[in-house]
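# Structure assessment
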Amino acid sequence: MSFHNLELNSALLRVVKRAGYTEPTPIQTRTIPHILNGRDIVGCAQTGTGKTAAFALPIVQLLGEDRGKRCIRVLVLAPTRELAAQIDEEFGKFSRNSPLRHVAIYGGVSQQPQVAALKRGVDILVATPGRLLDLMNQKFVRLNQIDYFVLDEADRMLDMGFINDVKRIIKGLPKVRQTMLFSATMPQTVQELSNSILNDPVKVEANPQSTTVDKIAQSLYFVERGEKRALLKYILRDNASEKVLVFTRTKHRANNLAKQLNRARIPAEAIHGNKTQGARTRALSRFKSGHTSVLVATDIAARGLDIDAVTHVINFDLPNLPESYVHRIGRTARAGASGFACSFCDIDERKYLNGIEELIRQPIPVVAEHPYMSAIEAPKRSAPASKPPERNRRRRARRSRERHQTRTA
Ligand code: AMP
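In this text, all values refer to a predicted model and were calculated from it rather than measured experimentally.

### With respect to the sheet that holds strand β11 (residues 294-297)
Judged by pairing direction, the sheet is parallel, and its 6 strands sit side by side in the order β8-β13-β12-β9-β11-β10 without closing on themselves. Each edge of the open sheet carries a strand with a single partner, namely β8 (216-222) and β10 (268-271). Averaged over neighbouring strand pairs, the angle between their axes works out to 20 degrees when direction is ignored. Of the strand pairs in this sheet, strand β9 (residues 244-247) and β11 are connected by 4 bridges, and their pairing is parallel. Bridging from a neighbouring strand, L245 pairs with L295 of β11.

Written out as structure tokens, the structure is:
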């Protein structure tokens, strides 16, 4: 399949070529023609599947075909500032040689530049719900001319408690419009929301929630809670772990872990909702450029982050929602690369592990030999997943056996 088969105009075909996209991703193949035909879409797709271009390319084309007086005609709602900024960047890329104007508005930064951009006039508005409502209440934004509405990462939007904000925003949109809803997972609440806002939608799916990306080598480490840090350092000693995204359950744990890694001379930064937007953007760009090799994140902060070449995703804490596991590990093995997903599991997390394995319909291979193997959790299943770093492997394995014997004695 080529982009030429998707009814994109020649200007967009050039844009796509310049972006280096040689062929459309499955979600793009399945979505773009329907959006160009005016259909509503409900898409089950994670970030990393190319879903932003799947809606942004046809929207840019449709806007170009039907130009009137400048007003906000496209609204994209995203749950996090980072995702909003990324989507806005993609729109910028695709509309570079057109008169279309776009802006991202989100909280955590001054509203002045955003208001100034709105006053100059925009066609495409990408926003997080809180700041958008704020600016709507101050009468800086009017959404009565919206033709295209995209609700991105709908499941996370609801998890983060934005449901009422989203509903209030939708109330302000014209009834006649084209709506596209994307979500990594489709729990009941998202289905209900899509039933209420979409009109006879085409259902498209890429990487359905129960299948994890084939190219990711998953592995499971049973470990006691107090030894997770040592285990992490052990894994980070592996030369292959160049760009590592570590997930913790809380902001507090993310901060502490980043500090401790730095003390161990492993350049790390934390990214979570309590950091200012500036700090988050700086941490992200230092990680992207390779200045820091480890980014410690909470689920919410990492949602939708587009970071290339993440070699390892490490679940320092297992997520309590099984869908988050699929989403987290999808941060690696993007755009055709392969990657590793290592998950730490202590005794209190066994319940989460069961839910995850049920969802992905397979057991995660256990690393049967590592120095911090939990004595209580000594695995009944033992499919060796990946080898520990060669250096000192024998010595560590011996230490592991000794520890195990001491504990079980
Ligand atoms: P997304 O799922 O929208 O977050 O996209 C993930 C990454 O894939 C982004 O860096 C896009 O620029 C990139 N991408 C999108 N479509 C394609 C394509 N057809 N070929 C190669 N890369 C793509």
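On we go.
### Focus: the sheet that holds strand β2 (residues 74-77)
Spatially, 7 strands are ordered β3-β4-β2-β5-β6-β1-β7 in an open sheet, and the strand pairing comes out parallel. Both outer strands of the open sheet, β3 (102-105) and β7 (202-205), are each paired with one neighbouring strand and no more. Looking at each pair of strands side by side, their axes are set apart by 15 degrees on average, direction ignored. As judged from the 4 bridges shared by strand β1 (residues 41-44) and strand β6 (residues 178-183), these two strands associate in the parallel manner. Along β6, the bridge assignment pairs C44 with S183. Along the sheet face, helix α4 (residues 81-94) touches β2, β3 and β4 (124-127) and points at about 175 degrees away from the line of β3.

### Concerning the confidence of the model for the protein chain
Residue-level pLDDT values for the protein chain average 85, and 86% of them are 70 or greater. Scored below 50 in pLDDT, residues 382-397 makes 24 contacts in the model with residues more than four places away or belonging to other chains. Taken as a whole, residues 403-409 scores under 50 in pLDDT and shows 9 contacts with residues more than four places along the chain or in a different chain.

Calculation criteria
One numbering rule holds for all chains: residues counted from 1, following each sequence as written. Thresholds applied to this predicted model are a pLDDT of at least 70 for local features of residues and 80 or more for the giving and counting of side-chain atom pairs; totals over whole chains, interfaces and linings are not thresholded and use all residues. Note that the side-chain values use all heavy atoms of the structure and ignore hydrogens as well as water. Two strands form a pair only when DSSP identifies at least two bridges running between them. Only DSSP runs of H or I reaching four residues or more are called helices, and only runs of E reaching two or more are called strands; each is numbered from the N terminus. Inter-axis angles, ranging from 0 to 180 degrees, are taken between N-to-C directions of lines fitted to C-alpha atoms, where helices are fitted over the stretch in contact. Any two residues having at least one pair of non-hydrogen atoms within 4.5 Å are treated as being in contact. Per-residue confidence from the predictor is reported as pLDDT, which spans 0 to 100.

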